[in-house]
Amino acid sequence: MFDSEAITPKRPNDNAFYQQRLPAWKPVVNIQTTMPVFGILGTILVPIGILLLCTAGAVKEMRLDYSKCGDCENTHYTQSCSCSIDFTLDSKYGGSTVMMYYGLERYYQNHRKYATSRSDEQLRGKPLSAGDSCAPYKLDPNTGEPYAPCGLIANSFFNGES
C-alpha cells in the first residue's frame, strides 16, 4: 500500500537551532558582579555629567518681547510691516556664535484637531464634500462659500504675535 520511504515527514529538523535549544549567556546577578559594573559606569558617566552641567551653566540668555513693536500691532496680515528693536547686552558674550530662537506660546501644531482639520479630497482637486473634517475653517462665515483649501493647516500662518 504505502511505501514508508516515499513519505516525507512534515516536521522540522531535530537539531538545536530549529528546536531552540542553543546555549545562551545567562549572567549571574549578584553583589560581586553588579558593584564593579556600577563602579565603572559611575567613573565614566559622573565626569561627563559634571562637564555637561558646567557647559549648560555658562550659557547666557537674553529675552526680548517684540509683540508690541511700533505700529505693527494692528496691521492686517496682507500689509507689510517692519519692526526694529535696539538693545544692549548686559555683559560680554564670549564665543564666536550667537544663536537666536523664537519662543511660541499657545501654538499646537501637533495637536490632533490641528492635524486632522483638512480635506484630502479637496487637496486632490475635487470639490468639498459634507464628510470632510475642515472645522473650524470649512465655510466662510460672511459669504457661506467653502474655503479653498479648507482647514486649520491651510489657514494658519506665523506672524510673530502672541
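## As for the overall build of the protein chain
Point 1. Across its full length, the protein chain carries three helices and zero strands.
Point 2. The linear arrangement of helices and strands in the protein chain, starting from the amino end, is α-α-α.
Point 3. Put simply, the protein chain has 162 residues, and 8% of those count as buried.
Point 4. Counting every atom, the protein chain has about 15,200 Å² of accessible surface; 57% of that belongs to carbon and sulfur.

## Some thoughts on the packing of aromatic side chains
Point 1. If you walk through the whole model with that rule in mind, you get one aromatic pair.
Point 2. Ring geometry for Phe 17 against Tyr 18: centres 5.6 Å apart, planes inclined by 75°, an arrangement best described as edge-to-face.
Point 3. Here Tyr 18 falls in the partly exposed class, since its relative accessible area comes to 48%.

## With respect to the pattern of salt bridges
Point 1. Across all of its chains, the model carries four salt bridges by this definition.
Point 2. Among the salt bridges present, the one from Arg 63 reaches Glu 61, with a minimum N-O distance of 2.7 Å.
Point 3. The closest approach of N and O atoms between Arg 124 and Glu 121, which form a salt bridge, is 2.8 Å.
Point 4. Judged by its relative accessible area of 31%, Glu 121 falls in the partly exposed class.
Point 5. Three or more residues joined by partner-sharing salt bridges are found here, namely Glu 121, Arg 124 and Lys 126.

## Things to note about the side chain of Ser 117
Point 1. Along the chain, Ser 117 turns up in the loop between α2 (112–116) and α3 (120–123).
Point 2. In this structure the side chain of Ser 117 is engaged in a polar contact, spanning 3.3 Å, whose partner is the backbone oxygen of Cys 134.
Point 3. Among the polar contacts listed, one links the side chain of Ser 117 to the backbone nitrogen of Leu 152, at a separation of 2.9 Å.
Point 4. Look past the residues within four positions of Ser 117 in its chain and what remains in contact with it is Ser 133, Cys 134, Ala 135, Pro 136, Cys 150, Gly 151, Leu 152 and Ile 153.

## Let's talk about the confidence of the model for the protein chain
Point 1. In the predicted model, the protein chain carries a mean pLDDT of 79, and the fraction of residues at 70 or more is 86%.
Point 2. Mean pLDDT values over the elements of the protein chain span from 79, in α3, up to 95, in helix α1 (residues 31–57).

## Brief notes about α1
Point 1. Its 27 residues give α1 an end-to-end C-alpha distance of 37 Å, which sits within 8% of 39 Å, the value for a rise of 1.5 Å per residue.
Point 2. At Gly 42, α1 shows its largest bend, some 30°.
Point 3. Where α1 starts, the residue carrying a side-chain oxygen 3.2 Å from the main-chain nitrogen of Gln 32 turns out to be Asn 30.

## As for a nonpolar patch on the surface
Point 1. There is a patch of nonpolar side chains on the surface, built from Met 62, Leu 64, Tyr 66, Ile 85, Phe 87, Leu 89, Tyr 102 and Leu 104 and spanning about 760 Å² of accessible area.
Point 2. The topology assignment puts Met 62 in the loop between α1 and α2.

## Section: unusual backbone geometry
Point 1. One non-glycine residue, Gln 20, lies in positive phi territory at about 55°.
Point 2. Its location among the elements puts Gln 20 in the segment before α1.
Point 3. When its relative accessible area of 73% is taken as the criterion, Gln 20 is described as exposed.

Conventions and cut-offs
- Residues numbered from 1 in each chain as written.
- Predicted model: local features only at pLDDT ≥ 70, side-chain atom pairs only at ≥ 80, totals over all residues.
- Heavy atoms only, no water.
- Helix = DSSP H or I, 4+ residues; strand = E, 2+ residues; numbered from the N terminus.
- Buried < 20%, exposed > 50% of the residue type's maximum accessible area, 1.4 Å probe, protein only.
- Areas by Shrake-Rupley, 256 points an atom, 1.4 Å probe, with all protein chains shown as cover.
- Phe/Tyr/Trp six-rings, centres within 6.5 Å; stacked < 30°, edge-to-face > 60°.
- Salt bridge = Lys/Arg side-chain N within 4 Å of Asp/Glu carboxyl O.
- Polar contact = N/O pair within 3.5 Å; in protein donor to acceptor, adjacent residues only side chain to side chain.
- Contact = heavy atoms within 4.5 Å.
- pLDDT = per-residue confidence, 0-100.
- Expected span 1.5 Å × (residues − 1).
- Bend = angle between axes of the 7 residues up to and from the residue.
- Patch = residues over 30% accessible without salt bridge, like charges linked within 9 Å, V, L, I, M, F, W, Y side chains within 5 Å.

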